[in-house]
Amino acid sequence: MSISNPPKALLTDVFGTVVDWRSTVTRYLTTAAADALNSSTRSIPSTVRTACDSISWGDIAQVWRTSYYEFTRTYDPSNKDRSNFKTVDQHHVEALNKILGSHGLDGLWTDQEIQKISLIWHFLDPWSDSARGLGLLNQKFETATLSNGNTSLLSDLASHGSLPYKHIISAEDFGAYKPHPSVYLGAAKKLGCQPQECALIAAHLGDLKAAREVGYQTIYIDRFREESWSPEEAAKAKAEGWVDMWIDLDDGDVGFLEIAKRFGLK
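Residues numbered from 1 in each chain as written. Predicted model: local features only at pLDDT ≥ 70, side-chain atom pairs only at ≥ 80, totals over all residues. Heavy atoms only, no water.

Turning to the overall build of the chain, a few remarks are in order. Helices and strands together make up the secondary structure of the chain, namely 11 helices and five strands. Here the chain has a C-alpha radius of gyration of 20 Å; the compact-globule value for 266 residues is 18 Å, and the two agree. Seen along its three principal axes, the alpha-carbon backbone of the chain occupies a region of about 65 × 45 × 35 Å. Looking at the chain residue by residue over its 266 residues, the buried ones come to 51%. When contacts within the chain are restricted to residue pairs at least 6 apart in sequence, those whose partners lie at least 24 apart make up 71%. Roughly 12100 Å² of accessible area belongs to the chain as shown, and the carbon and sulfur atoms make up 51% of that amount. (Helix = DSSP H or I, 4+ residues; strand = E, 2+ residues; numbered from the N terminus. Rg over C-alpha atoms; globule rule 2.2 N^0.38 Å. Buried < 20%, exposed > 50% of the residue type's maximum accessible area, 1.4 Å probe, protein only. Contact = heavy atoms within 4.5 Å. Areas by Shrake-Rupley, 256 points an atom, 1.4 Å probe, with all protein chains shown as cover.)

Okay, here's the thing in structure tokens:
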């Protein structure tokens, strides 16, 4: 990546990269559980109350997130019948039901409440640098989401977090999920760019590696507890140099603000 000859478009992963899913989901689950347990109009089974005593809602949030990761990476896009495409929204509600059952929490919430709770992924709070950093990058680049989240989810996140994206692009547009090549290639085409004219910003090296393999430039943002690769694997990737811009947690500015600074936009 050359600062004097930068990419035309910056596309970003969203969950973990732009928004802090862990804090938002943990806080929401904790509050929703307390509301149900303390309700004077609800009859919660004693076994569920006992199970809740030992539950870490942060752990439940992580299990929920991991289920999303496994779902998107095992989805087979070879079926071209778009009517059979399962969205992330559909997965989230199905997964939450299964997680509650496996942790002895059936009956804590009604079906309607579970449906509502599953939509918390539409209202995740952004990292503190995201909105301002994206605004600065808009001065020079086409900016777009490139997430496995469905279009309505991404639109809600942008609205909720005042995230000034110029384009909302979802894996849903291509009937596949990252890291399938069709998602990265389809997004570039949708923006009227060649893959090499695009850079993906992500807090996940696996995502960047897949984008790199189809020609994208890559920008890594280190976010707290987001990287699934081991520290040794991450250090090796950094040393190999295939990430074009690497933003560490302890860099002078945080995340997107540091990217904007390196492009001379701050």
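So, on to the domain arrangement of the chain. On domain assignment, one finds that the chain holds domain 1 (9-20 + 124-263) and domain 2 (21-122). Its C-alpha centre places domain 1 at a distance of 26 Å from the equivalent point of domain 2. Listed as interface residues are 26 residues of domain 1 and, on the opposing side, 22 residues of domain 2. For the pair domain 1 and domain 2, the two sides together bury roughly 2100 Å², of which 50% comes from carbon and sulfur. It is Asp20, Leu124 and Tyr177 that lose the most area in domain 1 upon contact with domain 2, and together they represent 30% of the buried surface on that side. Counting across the domain 1 and domain 2 interface gives one salt bridge. Its salt-bridge partner being Asp125, residue Arg27 comes within 2.9 Å of it at the nearest N-O pair. Tallied by class, the residues present in the side of domain 1 that touches domain 2 amount to nine nonpolar, nine polar and eight charged. (Domains from an automatic or database assignment. Buried area = accessible area lost by both parts, 1.4 Å probe. Salt bridge = Lys/Arg side-chain N within 4 Å of Asp/Glu carboxyl O. Nonpolar A, V, L, I, M, F, W, Y, C, P; charged D, E, K, R; others polar.)

With that settled, consider the pattern of salt bridges. When charged atoms on two side chains of opposite charge get close, those side chains can pair. For the structure on display, the rule yields 14 salt bridges. Linked through salt bridges whose partners overlap, the residues forming this network are Asp13, Lys178 and Asp207.

Right, let's talk about unusual backbone geometry for a bit. Lys178 connects to Pro179 through a cis peptide bond whose omega is 15°. Tracing the sequence through the fold places Pro179 in the loop between α7 (151-160) and α8 (181-190). One non-glycine residue, Ser162, lies in positive phi territory at about 50°. Ser162 sits in the exposed class, given a relative accessible area of 55%. The residue Arg225 is not glycine, and still its phi comes out positive at about 65°. Mapping Arg225 onto the fold places it in the loop between β4 (217-221) and α10 (231-240).

Helix-helix packing is characterised by the crossing angle of the two axes and by the distance between the axes. Two numbers describe how helix α6 (residues 130-137) lies on helix α11 (residues 255-262): the axes approach to 7 Å, and their chain directions differ by 20°. Judged by the angle between their axes, α6 and α11 are roughly parallel. With respect to the hand of their crossing, α6 and α11 are arranged in left-handed fashion. Side by side, α6 and α11 meet where Ser130, Arg132, Gly133, Leu134, Leu136 and Leu137 of the first sit next to Phe256, Leu257, Ile259 and Ala260 of the second. Counted by class, the contact of α6 with α11 contains seven nonpolar, two polar and one charged residues. (Axes fitted to C-alpha atoms, helices over the stretch in contact; angles between N-to-C directions. Parallel < 35°, antiparallel > 145°, perpendicular 65-115°, else oblique. Left-handed = near helix turned anticlockwise from the far one by under 90°.)

Tracing the backbone shows Thr24 in helix α1 (residues 21-37). The buried category is assigned to Thr24, whose relative accessible area is 5%. In this structure the side chain of Thr24 is engaged in a polar contact, spanning 3.0 Å, whose partner is the backbone oxygen of Asp20. Ignoring anything within four residues of it in the chain, the contact list for Thr24 reads Ile120, Phe123, Leu124 and Asp125. (Polar contact = N/O pair within 3.5 Å; in protein donor to acceptor, adjacent residues only side chain to side chain.)

Now for the sheet that holds strand β5 (residues 245-247). Here we have five strands laid out as an open sheet, ordered β2-β1-β3-β4-β5, and parallel in their pairing. Single-partner strands in this sheet number two, and they are β2 (142-145) and β5. Across this sheet, the average inter-strand angle for adjacent strands is 20°, counted without regard to direction. Across three bridges, β4 lies against β5 in parallel orientation. The partner of Ile219 across the bridge, within β5, is Met245. (Pairing = 2+ DSSP bridges.)

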